[in-house]
Every structure is written in structure tokens, then in C-alpha cells.
Amino acid sequence: MMIIVPMTTFIVVSLATIVTVVRLRAAMAWRQKSSSSTNSGHTQQTAISKMLVLVSCIYILTTIPWVLLCLTELTLAEFSINGRFYVLYTSMNSVVYYFPYINSSVNIFIYYNRSSRFRRDVQEMFSSCCSQHSTALVCNSTIDVTGQQKPK
């Protein structure tokens, strides 16, 4: 069955997220109780843990429709391409198909917003890309900087 690995991944990520949330809350409560000053290492670790939990939760939310579709297929024989619920099956399949793309698209913005290193690397990548592209456009252009046509 082709759903074993994805279903196992979903379960493992869900359980790991629950454990992370519980341990993060316990660690935050302990830190608040044991010290009044904030340590930047603990703050950074907490921020990374929160980002991990957010990314995991979005993965879980965007995977739930697929899980429900698979479970419905397994439990309801008529919910198939040849079954009585053909229209509902194909409609749900069409919608569920796009959820991994949504997950990936949202993750880029989360990383960009939450990670200064990722943000810096993306900005460097696009600034070098854009400067090379604009230089090539200027060098290959037949119009000079004053807007006049260059002689060939």
C-alpha cells in the first residue's frame, strides 16, 4: 500500500510536534520560575522551537485533508474512482492535490519572517542575481543611459 510511508510520516510529525510543544511549555515555565534575567541563548532556542512548531502545525493542517481522503477511501468502498461517490472523490482529490504546494509556499514566508539568517541569504541571493541580470541588460542594450539609440 502506497499510503503507509506518508501516513507514518504524518503520525510521526504530529507526535513529535505534540512532544515539542509540551516540552517547550515546560522549559519556558521552568526558566521563568528559576531566573528573572533572559538569556539570549535560551531566547534563540525558544524562537527556533516556536518556528519548528509553526512549520510542523502548518504541515499537519495541510496534510489532514489527504489523511481524511485516504481514510475515507479505506473505510468506504463506494468512495473511489469507480464508486457511487465518484464526483465527490474526484473533487476532493483535485482539492487535496494542491495542499502540499500551499504548505511549501507558506513555509518560505515563515522562514523568511522568523529566521534572520534565511532572510539575509535570500536577500544576498536575489541582490546578486538582480545585479548580474541588470548589468547584462545594460551591456546588451542598444539604448544608452541618456535614452538615445546607440550606434551599431
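Refer to the structure above for everything that follows.
Residues numbered from 1 in each chain as written. Predicted model: local features only at pLDDT ≥ 70, side-chain atom pairs only at ≥ 80, totals over all residues. Heavy atoms only, no water.

Trainee: Sorry if this is basic, but what is going on with the overall build of the protein chain here?
Mentor: Each helix and strand counted, the protein chain has 5 helices and 0 strands in total. Along the chain direction, N to C, the helices and strands of the protein chain fall in the order α-α-α-α-α. For the protein chain, buried positions account for 20% of its 152 residues. Across the protein chain, every contact between residues at least 6 apart in sequence was considered, and the portion connecting residues at least 24 apart equals 57%. Here the protein chain has roughly 11,700 Å² of accessible surface; of this, 65% comes from carbon and sulfur atoms. (Helix = DSSP H or I, 4+ residues; strand = E, 2+ residues; numbered from the N terminus. Buried < 20%, exposed > 50% of the residue type's maximum accessible area, 1.4 Å probe, protein only. Contact = heavy atoms within 4.5 Å. Areas by Shrake-Rupley, 256 points an atom, 1.4 Å probe, with all protein chains shown as cover.)

Trainee: I tried to follow the packing of aromatic side chains on my own but got confused; where do I start?
Mentor: The geometry of two aromatic rings is summed up by the distance between their centres and the angle between their planes. With the rule as written, the count across this model stands at 5 aromatic pairs. With a centroid separation of 5.7 Å and an interplanar angle of 65°, the aromatic rings of Y97 and Y101 are classed as edge-to-face. The partly exposed category is assigned to Y101, whose relative accessible area is 47%. Measuring from centroid to centroid gives 6.4 Å for Y98 and Y101, while their planes differ by 50°, and the two rings are tilted. Grouping aromatic residues by their ring pairs yields a cluster made of Y97, Y98 and Y101. (Phe/Tyr/Trp six-rings, centres within 6.5 Å; stacked < 30°, edge-to-face > 60°.)

Trainee: Can you help me understand the pattern of salt bridges in this one?
Mentor: Oppositely charged side chains can pair when the atoms bearing their charge come close. Inspection of every chain in the model, using the stated rule, returns 2 salt bridges. One salt bridge connects D121 with R120, and the closest N-O pair in it is separated by 3.6 Å. On the accessibility criterion, D121 (37% relative accessible area) is partly exposed. The partly exposed category is assigned to R120, whose relative accessible area is 42%. (Salt bridge = Lys/Arg side-chain N within 4 Å of Asp/Glu carboxyl O.)

Trainee: I'm lost on the nonpolar core in this one. Help?
Mentor: Where a protein is soluble and globular, its nonpolar side chains tend to be buried together. Membership of the largest hydrophobic core is limited to 6 residues, which are I3, M7, F10, I60, V67 and C70. Contributions of two or more residues to this core are made by α1 (4–34) and α2 (40–75). Among the elements that line this core, the one with the most residues is α2, at 3 residues. (Core = buried A, V, L, I, M, F, W, Y, C linked by side-chain atoms within 4.5 Å.)

Trainee: Sorry if this is basic, but what is going on with α1 here?
Mentor: Side chains that are three or four residues apart share a direction in an α-helix, a result of its 3.6 residues per turn. With 31 residues, α1 ought to run about 45 Å at 1.5 Å a step, and its terminal C-alpha atoms sit 44 Å apart, in line with that. The set of residues buried in α1 consists of M7, F10, S14, T17, L24 and R31. (Expected span 1.5 Å × (residues − 1).)

Bear in mind that shape data such as this cannot, by itself, settle questions of function.
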